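Here are the chains, one letter per residue:
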Amino acid sequence: MLWSLLKILVFVAIVALLAFGAGLLMETAGGVQITVAGTEYTLSALQSVIALGVLVVAVWLFLKLLSLLVATLRFLNGDETALSRYWDKGRERKGYRALSEGLMALASGEGRLALAKAARAEKYLQNPELTDLLVAQAAEMSGDSHKAADAYKRLLSNQQTRFVGVRGIMKQKLSQGDTDTARQLAEKALALRPKHEEVQDTLLRLQAQAEDWAGARKTLSTKLKTGTLPRDVYKRRDAVLALSASKGVIDENATIEQREQAIEANRLSPDLVPAAAMAARAYLAKGKKRPAVRLLKKTWQSQPHPDLAHAFAEVEPDESAAERVARFDQLARLNLQDDETRLVMAELNIVAEDFPEARRWLSDLTERAPDARALTLMAAIERGEGADDKVVQGWLAKALTAPRGPQWVCANCNHIHAEWEPVCEHCTSFDTLSWKRPETPEVASHAAAHMLPLITGALGSKQSDTADDVEEADFAEPGLDAKPGPDSDADVKSEQQDAVKEPN
């Protein structure tokens, strides 16, 4: 409504200006004198302006007629498309203008306008190679997935635009969650354009999700050959894929090929901890202890890890606690200052009931890098040395709310995994897990906060109504056998109910 009113006002203003200009010209003295064949013509100012306009129109018509005459002569001389080209020039000009405006609208995020301009360009140009891609992307932006799919399907019919059509449908299937169809389309797209990096990465990720390790290794080789992946990164990722294919080597039904792939994964990337642990188990399954021990020691020297310690323990599963401490001492000497080395040796000495030695291994770890594992070991040491229950409970209370220490963390989304996986379960990215402390500090739950008084036995016989008394009760540490008095029994039950109801 407002736009229509604005157009009317503009039209009236133009008419008024023309009338005002005509009035000025009529009042202006003088004019133009033209002599033709001895006859003199005198034109007023207004007549001169009108004559000039008529002359411009006449010249324009003359040029058009001249172009038509030239096209006709070319047609008569054998150029069969001369006349059609002449009549199509205007359509092409309008079509290309609509196409450029559609591209600008698409870049500006105006999906509906881009779709309208694409339809106009399609009408004038009749050239689907140019307009179908604009139609597809404009339809996607405006939310019309069906129209976009139809446009991508039309692109499949032309060999030059086939890749664009396959890639477009692949991305639609990915957005719909149909990963199986998307993987098949990615394979076709890669066959059409082997050097396309985005398609390579998409196919590799989909193959890893589907556990198609052989296909993923083939795609990885394609990335290396086309120069889209450095050789050192290729070796590590090839090791990850070989490791993924070898999972289950410790099972009785594991094939020889799986065990060989585990060993190959360690050969390709010796610093990959899961590959080293799996390769060691593959050697142990063959009865080859010495290669397994040599492999574990080499990896432990660069990166100590609990999985390596577990695999090293499996070398001699029937040894005594003292014998295990002595054997692990050789492993510990390879990296004495690492926190994992100290934690493992503290655990082994606790099992061997050598609590002073376990305390020596922990040293300042509980102060410098306190986590749940170190604090729990300290509680076990205190218990083994006969410390009072209050001391043991104090260490356990700290362990309850302490960080869990290094874990498998995705470098892409920072999601924490309980076990190493080749593909992140949260963001589906490939080969992004690393063993480190999470960057964001872990926050203890409210339920854990409610459980603290229950662990430490801090609830006294009577709870104070003031905040200061409550704070003192939280830090008091009577024994586990301390029981609340009659006045506080209902309060204890209320605290326990709150802890149960509190969401994690």
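Residues numbered from 1 in each chain as written. Predicted model: local features only at pLDDT ≥ 70, side-chain atom pairs only at ≥ 80, totals over all residues. Heavy atoms only, no water.

Comments concerning the sheet that holds strand S4 (residues 416–417)
The antiparallel open sheet is built from 3 strands, whose spatial order is S4-S3-S5. Of all the strands in the sheet, the pair left with one neighbour each is S4 and strand S5 (433–436). Here strand S3 (residues 407–410) pairs with S4 via 2 bridges, running antiparallel. Across the sheet, residue Trp408 finds its bridge partner in S4, namely His417. (Pairing = 2+ DSSP bridges. Helix = DSSP H or I, 4+ residues; strand = E, 2+ residues; numbered from the N terminus.)

Some thoughts on the confidence of the model for the protein
Detailed conclusions should not be drawn from predicted coordinates in areas where pLDDT is low. When the pLDDT values of the protein are averaged, the result is 79; 82% of them are 70 or greater. Contacts of residues 443–452 to residues separated by more than four positions or lying in other chains number 14 contacts, the stretch itself having pLDDT below 50. (pLDDT = per-residue confidence, 0-100. Contact = heavy atoms within 4.5 Å.)

Topic: the packing of aromatic side chains
Counting across every chain of the model gives 2 aromatic pairs. Ring centres 4.9 Å apart and planes at 85° place the aromatic pair Phe312 and Phe328 in the edge-to-face group. One end of the pair, Phe312, is in helix H15 (residues 306–313); the other, Phe328, is in helix H16 (residues 321–332), and 16 residues separate them in sequence. Each member of the pair Phe312 and Phe328 is classed as buried. With centroids separated by 5.3 Å and ring planes inclined at 65°, the aromatic side chains of Trp408 and Trp435 adopt a geometry described as edge-to-face. A residue pair is termed long-range when its members are at least 10 positions apart, and Trp408 in strand S3 and Trp435 in strand S5 qualify at 27 residues. Above the ring of Phe312, the side-chain terminus of Arg327 is found at 4.5 Å from the ring centroid. (Phe/Tyr/Trp six-rings, centres within 6.5 Å; stacked < 30°, edge-to-face > 60°. Buried < 20%, exposed > 50% of the residue type's maximum accessible area, 1.4 Å probe, protein only. Lys NZ or Arg CZ within 6 Å of the ring centre and 35° of its normal.)

Things to note about a nonpolar patch on the surface
A contiguous nonpolar surface patch, about 1100 Å² in accessible area, is contributed by Leu52, Leu55, Val56, Val59, Phe62, Leu63, Leu66, Leu69, Val70, Leu73, Phe75 and Leu76. Mapped onto the elements, Val56 comes out in helix H2 (residues 45–76). (Patch = residues over 30% accessible without salt bridge, like charges linked within 9 Å, V, L, I, M, F, W, Y side chains within 5 Å. Areas by Shrake-Rupley, 256 points an atom, 1.4 Å probe, with all protein chains shown as cover. Salt bridge = Lys/Arg side-chain N within 4 Å of Asp/Glu carboxyl O.)

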